[in-house]
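# Structure assessment
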Amino acid sequence: MSRWWIAFGLFSLALCQPAWAESCKSILGNNPAAPSGVYSIDPDDEGPLGSVDVVCDMVRDGGGWTFGLKTWYQSGLHSLTGSAGTTADALTLKGNPYKLSDDVIRAIIGLSENFDVLADQAGYNSAYSTGNHEYVVLRNFTGTWTFGAQMPVSSTATTMNSYRASDNTLAWTGALSCGGRGGPGINCYDVVSNNPMGGSGCAINMGTSSNSGWHHFYMAETNSDSYLYICNGAQHSSGYNMNHRFWFRETAKSNQSALSVSSDPSAIMFGSTSTLSTSGGSGTGAVSFAITAGSEFCEVSSTTVTGIGVGSCTVTATKAGDGMFNPASATVDITVSRAEQADLAAVASPLNIVFGATSTLSTTGGSGSGAVGFAVTAGSDFCDVSDTTLTGIGVGTCTVTATKAGDDYYNVATAEVNVTVDRANQAALTAMASPSTIGFGGSSTLGSSGGSGTGAVSFAISSGGTFCSISENILSGIGVGTCTVTATKAADSNFAAATASVDVVVDKASQATLTASATPASIKIGEDSELSTSGGSGSGAVTFAVTAGSTFCSISDTTLSGTDVGTCTVTASKAADDNYLAATATVDVTVENAAPTLSLTPTLFLLEDLGSGLVFTVGDDQTPAADLVVSLASDNQTLLADANLATNLTVDDANRILDLQLEPDANGVAVITVRVTDGASAFTEGQSTVTVGAVNDAPSAAFAGNEVWPAGESGAKAVTDFASLFNPGPGNESDQTVSIELATESDPSGVLSGISIDGSGTLSYTLTGNSGAARIRLQAVDDGGTANGGVDRGQAVTRRIIVGDGVDVTVSIWRGAPVGKLGEAMVKGSTLAEYSVEVRNNSAQDANGLRLRVSPIIGLTNVLWNCVISSCTPPNGSGEIDTQVDLQAGGVLLLGLSGSVDINVPFVEISAQATLPQGAVVLLSDDDRRVLIESTGGNGVYKSGFE
């Protein structure tokens, strides 16, 4: 069964841990900190009684009291064996009576039927006391509990204590005869010992009256009244606002929860300690420790165990019993092992001896009574030990280990000491060199005499290492000077190494054969030859000088230059150095005539049909530049013909200018070979690669004239060969394709509903039936592209498609002189400018009464004009232009004008307007007016005629 108990402080609500307890005493035993309050218990441990809520007092007289009965005079509980009220009624002043059933109280008391009762009261009897001052404990009552009848006399002797309620101070201890009197329950009256005398016999008199005959402990008198008279602190309840309360506590003790004891550490060494501790157990009993086995190995003081011998001991921990629990014990074993000795040090005096000498051995430190011994543990070839004496028997270092034996309480301890045995000195050693003086590069044989032992002899340079070197016993001279050789006879097993020295002198030597070289040995005038040497010896610097034929050669450092035709002799000198004498050698060099020089641009890029100049420079040391002969050849005659090369070469002393005349419309790559020959027939050749980039020429085509239709004409039309004579350009562009680009520039009357031209030149269009005119623009276009400034479009032309009556004229303006940009011409001195104004009748109807007006011209002075084509009225004049003409269908009016450019005006502006008489039908009037504006600084601006 899973149960919970509830605590009410001393009597306030708190939720606590799950309960398995049968009473308030068992709750307190399992949780000494449990507070007073209401708990749920199972007094018969899951028997038929089930869970019961009870009020617990966990404070007074050690706590563990279960509230069993609340009653007063004629409370109605007289002889009730069942339960009454709830825990909420238990602690109130009167109100409802409260009682646990006899079965529950008997289950709490247990099978021993031995228990204690605590009696107190709520409220007080003001006739006998000034307050509620007293509570009483009846101890060691034995009997079967019932409140249904009078309890018999206790089968065990009882005692009783009275306490002051305010501070729990003991007021009286004694005994009354309990049982066998009064009403139901336990009732006590006759004095067995220490008569309280109604309060006067108490250590504390808590009442207001004294009556030596009053000493009552009554749960119920025969009249159902309840009494509590010991030290006058409590009273009977009849007639007063008070009630008595009775609390029960079983006296049977419980076993403690499992007790565990531990030691830290569990194994110790002789003389060290371990700390004891426990966990578990129950109640307030003190814990003590004792050695229960192996006391010769351990002793205990409080919680500390000390190792006093080597072995194992058992420590028993005992937690004493208290009012609720029996004593409990547990054991732990502790092992005591031998201790480590204090640091042991081995000593040898002296530490260094020579072969055959002795050293005395000893120790310091250690612990216990173990004996000390010595032994050679390393280097036994060098030392021997007898007792405490060490003797050197070989050269080296030996290790001696001192061992202090263990005893009953300490382990074995060891320590080491190293002793060095040195070698003896050899007899005198003499070094020798034969011969003792050598030349640089020569050698001497080394030897020695004297010394001792079997050690090998070696030789080394100890000073003058730059003059000598040694290989085994041979010394070689490597520098000029004196070196010192040290001979060393090595140590052997009995003797130390020995040394001796000897001096050797090294003199300078002659160099090895020196050879002079010139590469090449034959050069042209102005060419160079590189001088060098091989052989010789040492680090001396090499120099060169012309010792014969100095008019033909000159030298700078190691470079010889040819200055004239002939042969020169060069002497090489390798200087002496620290080790070698000086040495010389000679070489002859022949100087011949040099070929002329040629400086030529290796590559040149041109555009098709655009010539250019190829400039190159020639020269020669013997022949004047003007007399050098130049020949030219091309490997591509279709691009650059040899005949053109020869006739287009200009001579300017050392400079030659070749005017490259390209074959028309040719492109590609040509390599020009240039040969320059001097007066002695020596020549030099060079090449220049000329790349000519293709430039597309503009295509062309011929176009038929305007299309004219009567009014009302409509429907689809096709004009074959409207465009003809398709020409992509020169012959090298014959693989290009020419097409016609068509655009409708103006159709204000909606004459056309569609128009196109195909690759054969057939013009197709559809007339809507509207009268008027449409202007179309046609232009030949090829697929040659515009790379390198190429042109892929021909001259654009305009044509009209006219339906019905009406006149369509076009005005154009252009400058005829000076040619080019006006501003540039003025810079060159031009001051007169000539312009043309053209009016063209594009229609099939005469333009009678056409008027041409030119606004006052800006930027020109002294303007003169005249009609060149067609009869004008007036035909000519000066200043402002206003003339009239009858212009036939398809006819042209051409008017020429001239004037002086006004240098004070930055531009020239000419505005021309053609108009027809009122009532005339005018077609496409957007080009009846033109304005030309061009800067006297060189830029022209053209405006349309419908501003």
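What counts, and at which threshold
- Residues numbered from 1 in each chain as written.
- Predicted model: local features only at pLDDT ≥ 70, side-chain atom pairs only at ≥ 80, totals over all residues.
- Heavy atoms only, no water.
- Salt bridge = Lys/Arg side-chain N within 4 Å of Asp/Glu carboxyl O.
- Buried < 20%, exposed > 50% of the residue type's maximum accessible area, 1.4 Å probe, protein only.
- Helix = DSSP H or I, 4+ residues; strand = E, 2+ residues; numbered from the N terminus.
- pLDDT = per-residue confidence, 0-100.
- Contact = heavy atoms within 4.5 Å.
- 1 Å grid on protein atoms, 1.4 Å probe; cavity = no way out; pocket = protein on both sides within 12 Å on 5 of 7 lines; lining within 4 Å.
- Points joined across faces, edges and corners; volume = space filled by probe spheres on them.
- Nonpolar A, V, L, I, M, F, W, Y, C, P; charged D, E, K, R; others polar.
- Arc of directions from axis to C-beta.
- Pairing = 2+ DSSP bridges.
- Axes fitted to C-alpha atoms, helices over the stretch in contact; angles between N-to-C directions.
- Disulfide = S-S within 2.5 Å.

Under the counting rule described, the total for this entry stands at 23 salt bridges. Salt-bridge contacts for R60 lead to D57; the nearest nitrogen and oxygen are separated by 2.5 Å. The same class applies to R60 as to D57, namely buried. Salt-bridge contacts for K524 lead to E592; the nearest nitrogen and oxygen are separated by 3.6 Å. With K524 in strand 40 (residues 522-524) and E592 in strand 46 (residues 583-592), this pair connects stretches of sequence that are 68 residues apart. A relative accessible area of 35% places E592 in the partly exposed class. Sharing partners across several salt bridges, the network here consists of E745, R775, R777, R800, D808, D926 and D927.

Of note, the amide linkage connecting S434 to P435 takes the cis form, showing an omega dihedral of -5°. Residue P874 is reached from T873 by a cis peptide bond, and omega for that bond is -10°. Its place among the elements puts P874 in the loop between strand 67 (860-869) and strand 68 (876-878). Of note, the phi angle at D61 is positive, near 50°, even though the residue is not glycine. As for its position among the elements, D61 is in the loop between strand 4 (52-57) and strand 5 (65-71).

What follows covers the confidence of the model for the protein chain. On average, residues of the protein chain carry a pLDDT of 88, and 95% of them reach 70 or more. The low-confidence segment residues 1-19 (pLDDT under 50) makes 59 contacts with residues lying over four places distant or belonging to another chain. Counted against residues more than four places away or in other chains, residues 938-947, with its pLDDT under 50, gives 28 contacts.

A word on the layout of surface pockets. Volume-wise, the second largest pocket comes out at about 250 Å³. For the second largest pocket, the full set of lining residues is E745, R775, R777, Q795, A796, V797, T798, R800, T810, S812, D927 and R930. Each residue belonging to the lining of the second largest pocket can be placed in one class, and the counts come to 2 nonpolar, 4 polar and 6 charged.

Three or more residues of helix 3 (residues 102-109) are buried, namely D102, V104, I105, I108 and I109. The buried side chains of helix 3 occupy one side of the element, clustering within an arc of 165° when seen end-on. Within two residues after helix 3, G110 carries a phi angle of roughly 95°, on the positive side.

Take the environment of A787 next. Locating A787 in the fold gives a position in the loop between strand 62 (772-782) and strand 63 (797-803). Linking A787 and N593, residues 194 residues apart in sequence, is a C-alpha distance of 50 Å.

Taken together, the 5 strands give an open sheet; going across it, the order is 64-65-70-67-68, and neighbouring strands pair in antiparallel fashion. The strands lining the two open edges of the sheet, one partner per strand, are strand 64 (809-817) and strand 68. Neighbour to neighbour, the strand axes of the sheet diverge by 15° on average, direction disregarded. As paired strands, strand 67 and strand 70 (residues 892-901) are joined by 7 bridges and run antiparallel to one another.

The next subject is the sheet that holds strand 40. In space, the 4 strands of this open sheet follow the order 40-46-45-42, with mixed pairing throughout. This sheet does not close on itself; its edge strands, each paired only once, are strand 40 and strand 42 (542-548). Each strand of the sheet is rotated relative to its neighbour by a mean of 35°, with strand direction disregarded. Taken together, the 6 bridges between strand 42 and strand 45 (residues 566-574) define a ladder with antiparallel strand orientation. Residue pairing for strand 45: T543 is matched across the bridge by S573.

Let us look at the state of the cysteines. Summed over the entire model, instances satisfying the criterion amount to 8 disulfides. Across the disulfide from C202 sits C231; the S-S distance is 1.9 Å. Between C202 and C231, the disulfide has an S-S torsion of -90° and is therefore left-handed. Linking C202 in the loop between strand 11 (187-193) and strand 12 (216-218) with C231 in the loop between strand 13 (227-229) and strand 14 (242-250), this pair joins segments that are 29 residues apart in sequence. The burial state of C202 is the same as that of C231; both residues are buried. Here C553 connects covalently by a disulfide to C568, the sulfurs 1.9 Å from one another. Negative torsions about the S-S bond denote left-handed disulfides, and the value of about -90° found for C553 with C568 makes this one left-handed. Of the two residues, C553 is situated in strand 43 (residues 553-556) and C568 in strand 45; the sequence distance between them amounts to 15 residues.

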